[in-house]
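# Coordinates in review
In case you want the letters, here they are:
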Amino acid sequence: ISFSPFHPALCHFLFPSTGVANHLPAPQENRIIKKFSPHPYFDFDVPRNITTRVGQTAFINCRVEQMGDKSVSWIRKRDLHILSAGTAVYTSDERFQVIRSDKAENWTLQIKFAQQRDSGIYECQVNTEPKMSMAFRLNVVEAKAIILGPTDLYVKMGSIVTLTCIISQGPHDLGTIYWYRGSNLVQPIELHPNDPSLAYPHRISVELKWTEALTS
């Protein structure tokens, strides 16, 4: 069997379109406030640790209930830059935009063509007295996949071949890992019960494990 440049094995990974989020549990008192408070309050059941890939659009969603006549601002914690007040954007960087839902509960900070320099803490603030704020962490990562070993691999027919792909840029969730042979997706194959090679029930298998990076 020859793995040549004409049929290379490729390791691909796909990021979630909206990023991967850690959902922080809403405290019991927050559930009570939702029922009885006439004042603004944050909905904590939203992603607050968001990961996206370089070049993709990042969405940071802040949900405020019982807004009344108050407004929401977005602050970049790194330099305390006021990015927006209401839907008005106060930055010359045209990649930043605020999207407000029809019911005004969702205030989403959108960052187009995200770059690694955009990583950091962003605060959603409500102009109450005292001021309310909730922090979000944005991780913009540039993951790289490398298949170890030589470009061309020659083995005897019937031998076991192991290809190892190292995907760096952790500890963030890197999404789904796919292997391709040329343009064809490689999937685990189970042999027929009458196959003489049943000693190897899975002719093709894919294993994932975390060490210092993600290994497939």
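Residues numbered from 1 in each chain as written. Predicted model: local features only at pLDDT ≥ 70, side-chain atom pairs only at ≥ 80, totals over all residues. Heavy atoms only, no water.

Under an unreviewed UniProt entry, the name given to the protein chain is Ig-like domain-containing protein, and the organism recorded is Anopheles maculatus.

### Observations concerning the overall build of the protein chain
Quick reminder of the rule: The secondary structure listing takes helices from DSSP runs of H or I that are at least 4 residues long and strands from runs of E that are at least 2 residues long, numbered from the N terminus. Note on exposure labels: buried denotes an accessible area under 20% of the residue type's maximum, exposed denotes more than 50%, and partly exposed covers the range between, all computed with a 1.4 Å probe on protein chains only. Only heavy atoms matter for contacts: two residues are in contact if any of them lie within 4.5 Å across the pair. Methods summary: accessible areas were calculated by the Shrake-Rupley approach with a probe of 1.4 Å, and residue burial reflects only the protein chains presented.
Looking only at helices and strands, one finds one helix and 22 strands in the protein chain. A total of 216 residues make up the protein chain; the buried ones form 32% of that total. Once local pairs closer than 6 in sequence are excluded, the contacts in the protein chain between residues at least 24 apart make up 60%. Summing over all exposed atoms, the protein chain offers an accessible surface of approximately 13,800 Å²; the carbon and sulfur share of this is 53%.

### Regarding the confidence of the model for the protein chain
Threshold: pLDDT expresses how confident the predictor is about each individual residue, on a scale running from 0 to 100.
Mean pLDDT over the protein chain: 80, with 73% of residues reaching 70 or higher. This model gives residues 16–27 a pLDDT under 50, and the stretch forms 23 contacts once residues within four places in sequence are excluded.

### Comments concerning the state of the cysteines
Keep this limit in mind: Disulfide assignment relies on a single distance test, namely cysteine sulfur atoms paired within 2.5 Å.
By the definition in use, this model includes one disulfide. Each sulfur in the disulfide pair Cys 62 and Cys 124 lies 2.1 Å from the other. Taking the torsion about the sulfur-sulfur bond, which here is approximately -80 degrees, the covalent link between Cys 62 and Cys 124 counts as left-handed. Taken together, the residues span a long stretch of sequence, with Cys 62 in strand β6 (residues 58–65) and Cys 124 in strand β12 (residues 120–126) at a distance of 62 residues. For the pair shown, Cys 62 and Cys 124 are each scored as buried.

### A word on the environment of Arg 53
Secondary-structure assignment places Arg 53 in strand β5 (residues 47–53). Classification of Arg 53 as partly exposed rests on a relative accessible area of 29%. Once the C-alpha coordinates of Arg 53 and Val 141 are considered, the two residues, 88 residues apart in sequence, prove to be 5.0 Å apart.

### Observations regarding the packing of aromatic side chains
Aromatic ring pairs are defined here through the distance separating the ring centres and the angle between the ring planes. Formally: Any Phe, Tyr or Trp ring, taking Trp's six-membered ring, that has another such ring centre within 6.5 Å forms a pair; planes under 30 degrees apart are called stacked, those over 60 apart edge-to-face, and the others tilted.
According to the stated counting rule, one finds one aromatic pair in the structure shown. Consider the rings of Trp 74 and Phe 136, whose centres lie 5.6 Å apart with planes at 50 degrees: the pair is tilted. Pair noted here: Trp 74 is in strand β7 (residues 72–76) and Phe 136 is in strand β13 (residues 132–141), with a separation of 62 residues, a long-range link. Trp 74 gets classed as buried once you look at its relative accessible area, which sits at 0%.

### Description of the pairing of strand β16 (residues 165–168)
Rules: Paired strands are those between which DSSP finds at least two bridges.
The two faces of β16 differ: Cys 165 and Ile 167 on one face are buried, but Ile 166 and Ser 168 on the other face are not. Strand direction decides the pairing type here: strand β14 (residues 144–147) and β16, joined by four bridges, are antiparallel. Its bridge partner lying in β16, Ala 145 is registered against Ile 167. With two bridges joining them, β16 and strand β22 (residues 214–215) adopt antiparallel strand pairing. Residue pairing in the sheet places Ile 166 in a bridge with Thr 215 of β22.

### Some words on the nonpolar core
Across soluble globular proteins, nonpolar side chains show a tendency to be buried alongside one another. Here is the rule: Nonpolar cores were defined as sets of buried Ala, Val, Leu, Ile, Met, Phe, Trp, Tyr and Cys residues, with membership established by side-chain atoms within 4.5 Å.
Grouped together as the largest cluster of nonpolar side chains are 25 residues, with contacts concentrated most on Phe 42, Ile 60, Trp 74, Leu 109, Tyr 122, Phe 136 and Leu 138. Taken together, the elements giving at least two residues each to this core come down to β6, β7, β10 (96–100), β11 (106–111), β12 and β13. Residue contributions to this core peak at five residues, all from β13. Ignoring anything within four residues of it in the chain, the contact list for Ile 60 reads Ile 50, Trp 74, Trp 107, Thr 108, Leu 109, Tyr 122, Phe 136 and Leu 138. Judged by nonpolar contacts, the second largest core, of five residues, contains Cys 165, Ile 167, Trp 179 and Leu 214.

### Regarding the sheet that holds β14
Two modes of strand pairing occur in sheets, parallel and antiparallel, and in both the strands are linked by backbone hydrogen bonds. The antiparallel open sheet is built from four strands, whose spatial order is β14-β16-β22-β21. This sheet does not close on itself; its edge strands, each paired only once, are β14 and β21 (209–210).

### Brief notes about the side chain of Asp 43
We count it as follows: Here a polar contact means two N or O atoms within 3.5 Å. Within protein one must be a hydrogen donor candidate and the other an acceptor candidate, and residues neighboring in sequence count only if both atoms are side-chain atoms.
Turning to its location among the elements, Asp 43 is positioned in the loop between β4 (41–42) and β5. A polar contact is formed between the side chain of Asp 43 and the backbone nitrogen of Asp 45, at a distance of 2.9 Å.

### Things to note about the pairing of β6
Pairing analysis gives two bridges linking β4 to β6, with the strands arranged antiparallel. The partner of Phe 42 across the bridge, within β6, is Val 64. Here β6 runs beside β11; their pairing, made up of six bridges, is antiparallel. Its bridge partner being in β11, Ile 60 is matched across the sheet by Leu 109.

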